[in-house]
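What the coordinates show
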Amino acid sequence: MINESKEKKILNDALGEFRKNTGLTVDVVEFEGRGLDVNYRHDAIIKIQWDDLDYYFAAEVKNIITRAILGVAVHQLNKFQQKGMLVAKYINPRIADELKKMDVPFIDTAGNAYINEPPLFIYIKGNKPVDKDTLEQPTRTFRPTGLQVIFALLCNPGLENNPFREIADKADVALGTVGWVMYDLRRMGYIIDMGPRNRRLVRKDNLLDRWVVAYPEQLRPKKMIGRFKAENEYWWENKDLNEINALWGGEVAANIMTEYLKPQIITLYAKQPIGRFLLKNKLKKDVNGNIEILNVFWKFEHGHLHKELVPPLLIYADLLATGDARNIETAKVIYER
């Protein structure tokens, strides 16, 4: 997440480049407002004028759009009453093409843009950012161990009231980690002290959004065991994962939950060594394989009906992290449920 002053600078710079490259009139008519979800706000309302036509967009400002957070950003736009627009410091050509396929309007500070509101059509890509320092380091709370604590809190309502030792156990982190994460969450307004031993986690939807953005870039790569390929592409169907105490994630889990998605990538989270499992199922290491195996990073049981799946929040995050349009649509279904 970027702070308000940087957010406004990105917005103003992007609007300036848009004016310069298109010759159109564009202005901010409102800063920050509520979307359909009362816990989520758009950053601004933008008005573009062309001839005698006015086009309004609810803007979501990001630092940089990577494939890992593309799904999250697109899903956030769906919460706005007006058509959403991504405004970023930089959107590379590959991401620009993905956004165009999904018909998602965008502008950036390098002058790239896409708008398809007939009769108005604009598509500019390939402009390079002037400022090469486009990526920002997240605060420590949204780095790997902090994300594990937040995940445990979001998946276990009321856990914030429990002793730090119990929180540390469920999050599978050191006891000291919980102390500074809770301090940071309190400082950022996500935890309110209601009295002695009475804490409340608030603004959960906003915290969830931030977790889902940070997860694929900060925590997920740390937990990746590897990618694999199977001799039999249907090896996973009706497979019992008890032998390695594993759980289905990603597209497989989404298919089981919704019966809405045919899995292309097979994702599982393992709690035990996987050597024998790989041999038995003839899975070979392959960086381009469609099977991904990760380590479990939590120690709690979730209350969902399907016990063989990872917690729904992680299924949602895995789907969005792919940046794939069909997965984003399925993630929306899971989110609404």
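What counts, and where the lines are drawn
- Residues numbered from 1 in each chain as written.
- Predicted model: local features only at pLDDT ≥ 70, side-chain atom pairs only at ≥ 80, totals over all residues.
- Heavy atoms only, no water.
- Pairing = 2+ DSSP bridges.
- Helix = DSSP H or I, 4+ residues; strand = E, 2+ residues; numbered from the N terminus.
- Axes fitted to C-alpha atoms, helices over the stretch in contact; angles between N-to-C directions.
- Expected span 1.5 Å × (residues − 1).
- Buried < 20%, exposed > 50% of the residue type's maximum accessible area, 1.4 Å probe, protein only.
- Contact = heavy atoms within 4.5 Å.
- Parallel < 35°, antiparallel > 145°, perpendicular 65-115°, else oblique.
- Left-handed = near helix turned anticlockwise from the far one by under 90°.
- Nonpolar A, V, L, I, M, F, W, Y, C, P; charged D, E, K, R; others polar.
- Right-handed = clockwise from strand over helix to strand, strands pointing away.
- Core = buried A, V, L, I, M, F, W, Y, C linked by side-chain atoms within 4.5 Å.

**A look at the sheet that holds strand β10 (residues 224-230)**
Backbone hydrogen bonds hold the strands of a sheet together, and the pairing may be parallel or antiparallel. Spatially, five strands are ordered β11-β12-β14-β10-β13 in an open sheet, and the strand pairing comes out mixed. Pairing within the sheet leaves two strands with one partner each, and these edge strands are β11 (247-249) and β13 (283-285). Between one strand axis and the next, the sheet turns by 35° as a mean value, whatever way the strands run. Where β11 lies against strand β12 (residues 266-270), three bridges are found, and the strand directions are antiparallel. Note that in β12 the partner of L247 across the bridge is Y269.

**Notes on unusual backbone geometry**
P119 follows P118 through a cis peptide bond whose omega is 10°. Tracing the chain through its elements places P119 in the loop between β6 (113-117) and β7 (120-124). Within the chain, D51 stands out as a residue other than glycine whose phi angle is a positive 55°. Note on placement: D51 falls in the loop between β2 (41-50) and β3 (53-64). Here the phi dihedral of E259 falls at roughly 55°; this positive angle occurs in a residue that is not glycine.

**Points about helix α7 (residues 204-223)**
The terminal C-alpha atoms of α7, which comprises 20 residues, lie only 24 Å apart, well short of the 28 Å expected from a rise of 1.5 Å per residue. Of all 20 residues in α7, 14 are buried, a share of seventy percent or more.

**Remarks on the environment of A68**
Counting through the fold element by element, A68 comes out in helix α2 (residues 67-77). Overall, the relative accessible area of 18% leaves A68 in the buried class. The spacing of A68 and V213 is 145 residues in sequence and 7.8 Å in space, taken between C-alpha atoms. Those residues in contact with A68 that sit more than four places away from it in its chain are P216, E217, L320 and A321.

**Overview of the packing of α2 against helix α3 (residues 93-101)**
For the pair α2 and α3, the least separation of the axes is 11 Å and the interaxial angle reads 30°. Taken together, α2 and α3 sit at an angle that is classed as roughly parallel. Viewed along their axes, α2 and α3 form a crossing whose handedness is right-handed. Note on element contacts: α3 touches α2 through R94, I95, E98 and L99, opposite R67, L70 and V74. Classifying every residue of the contact of α2 with α3 gives four nonpolar, no polar and three charged.

**Comments concerning the pairing of strand β4 (residues 84-90)**
Most of β4 is tucked away: seven of the seven residues are buried. By the bridge criterion, six bridges tie β3 to β4 in an arrangement that is parallel. Residue I64 lies in a different strand from β4, and its bridge partner there is Y90. Across three bridges, the pairing between β4 and strand β5 (residues 106-108) is parallel. Bridged to V87 within β5 is I107. In this view, the connection linking β4 to its parallel neighbour β5 by way of α3 has right-handed handedness.

**Observations regarding the nonpolar core**
Ranked by internal contacts, the top residues of the largest apolar core, which has 90 residues, are W211, W235, W248, L268 and W298. Listed in part, the 21 residues of the second largest apolar core include I48, Y55, A113 and I115.

**Considering the pairing of β7**
Across five bridges, β6 lies against β7 in antiparallel orientation. Directly across from Y114, in β7, lies its bridge partner Y123. Between β6 and β7, which pair antiparallel and follow one another directly, the connecting turn spans two residues.

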